[in-house]
Amino acid sequence: MGVSSFETLRIEKQSGYREVDLLKTWQAISSSIKEVLSKTRIDAKDIAAVSCIGHGKGLYLLDKKGKEFVNGILSTDARASTLAKQFEASIDQIWPLTQQHVFAVQSPVLLRWLKDNQPLIYQEIGFVLSAKDYVRFKLTGKINQEYGDASGN
């Protein structure tokens, strides 16, 4: 009935680091929603459900009060590649617990990277979300993680 989109508002502070400003991303999402409603002339109160889909792994953090405080880390980020390789070297121990290989953009790997490299940010973390969890949070005010993403981490 209607479509709206925008490019990922990627920030690349240094090579291999791919982030998004969460508030600017939410503004773009909100504008997209408004555009579709306007184009289609659908009244928002007539919408029965909204489905949020993701775009791979990555890390979207809220502080202990449930507020955005750092950029989101996209699923194309490579800052934790060395750490992921170190974990993957122990795959024989990890596999029975996870049934998965280790990738640099999985939440636990990025969290460990933050703990080791940006401890002040790590100490402020209250909630860990995926991209779609963040969108759901902004739409509803509820902080939840989708089971599929949680099991993938």
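The coordinates are above.
Residues numbered from 1 in each chain as written. Predicted model: local features only at pLDDT ≥ 70, side-chain atom pairs only at ≥ 80, totals over all residues. Heavy atoms only, no water.

Participant: Can you tell me about the sheet that holds strand E4 (residues 72-73), naming the residues and giving the values?
Facilitator: Reading across the sheet, the three strands line up as E1-E2-E4 and stay open at both edges, with antiparallel pairing between neighbours. Either end of the sheet is taken by a strand with one partner, and the two such strands are strand E1 (10-11) and E4. (Pairing = 2+ DSSP bridges. Helix = DSSP H or I, 4+ residues; strand = E, 2+ residues; numbered from the N terminus.)

Participant: I'd like a rundown of the environment of Ser-4, residues and numbers included.
Facilitator: Topologically, Ser-4 is positioned in the segment before E1. Distance from Ser-4 to Gln-106, taken between C-alpha atoms, is 29 Å for residues 102 residues apart in sequence. Those residues in contact with Ser-4 that lie beyond four places of it in its chain are Ser-32, Glu-35 and Val-36. A distance of 2.8 Å separates a polar atom in the side chain of Ser-4 from a polar atom in the side chain of Ser-32. A polar atom in the side chain of Ser-4 sits 3.0 Å from the side chain of Glu-35. (Contact = heavy atoms within 4.5 Å. Polar contact = N/O pair within 3.5 Å; in protein donor to acceptor, adjacent residues only side chain to side chain.)

Participant: Which residues make up helix H6 (residues 131-140), and what are the values?
Facilitator: Three or more residues of H6 are buried, namely Ala-131, Lys-132, Asp-133, Tyr-134, Val-135 and Phe-137. Just beyond H6, the residue with positive phi is Gly-141, at close to 80°. (Buried < 20%, exposed > 50% of the residue type's maximum accessible area, 1.4 Å probe, protein only.)

Participant: Kindly report on the pairing of strand E3 (residues 60-63), identifying the contributing residues and their values.
Facilitator: Where burial is concerned, the two faces of E3 agree: the one with Tyr-60 and Leu-62 and the one with Leu-61 and Asp-63 are both buried. Looking at chain direction, E3 and strand E5 (residues 125-129) are connected through four bridges and run antiparallel. Note that in E5 the partner of Leu-62 across the bridge is Phe-127.

Participant: Describe in detail a nonpolar patch on the surface, supporting the description with residues and values.
Facilitator: A surface patch of nonpolar side chains, about 330 Å² in accessible area, is lined by Ile-33, Ile-47, Val-50 and Leu-139. Here Ile-47 is to be found in the loop between helix H1 (22-40) and E3. The class for Ile-47 is partly exposed, based on a relative accessible area of 40%. (Patch = residues over 30% accessible without salt bridge, like charges linked within 9 Å, V, L, I, M, F, W, Y side chains within 5 Å. Areas by Shrake-Rupley, 256 points an atom, 1.4 Å probe, with all protein chains shown as cover. Salt bridge = Lys/Arg side-chain N within 4 Å of Asp/Glu carboxyl O.)

Participant: I'd like a rundown of the packing of aromatic side chains, residues and numbers included.
Facilitator: Aromatic rings in a pair are described by how distant their centres are and how their planes are angled relative to each other. Under the definition given, this model contains two aromatic pairs. Taking 5.9 Å as the distance between ring centres and 80° as the angle between the ring planes, the aromatic pair formed by Tyr-17 and Trp-113 counts as edge-to-face. Of this pair, Tyr-17 sits in the loop between E1 and strand E2 (19-20) while Trp-113 sits in helix H4 (residues 107-117), and the two are 96 residues apart along the sequence. Each member of the pair, Tyr-17 as well as Trp-113, is classed as buried. (Phe/Tyr/Trp six-rings, centres within 6.5 Å; stacked < 30°, edge-to-face > 60°.)

Participant: Requested: an account of the nonpolar core, with residues and values cited.
Facilitator: Residues Leu-59, Leu-61, Ala-80, Val-109, Trp-113 and Leu-114 are the most contacted members of the largest nonpolar core, which totals 17 residues. Where this core is concerned, the elements lending two or more residues are helix H2 (81-88), helix H3 (91-98) and H4. Top contributing element to this core by residue count: H4, with five residues. If sequence neighbours within four positions are ignored, Val-109 has contacts with Ala-80, Leu-83, Ala-84, Phe-87, Val-102, Phe-103 and Ala-104. Counting residues in hydrophobic clusters, the runner-up holds twelve residues, among them Leu-22, Ala-131, Val-135 and Phe-137. (Core = buried A, V, L, I, M, F, W, Y, C linked by side-chain atoms within 4.5 Å.)

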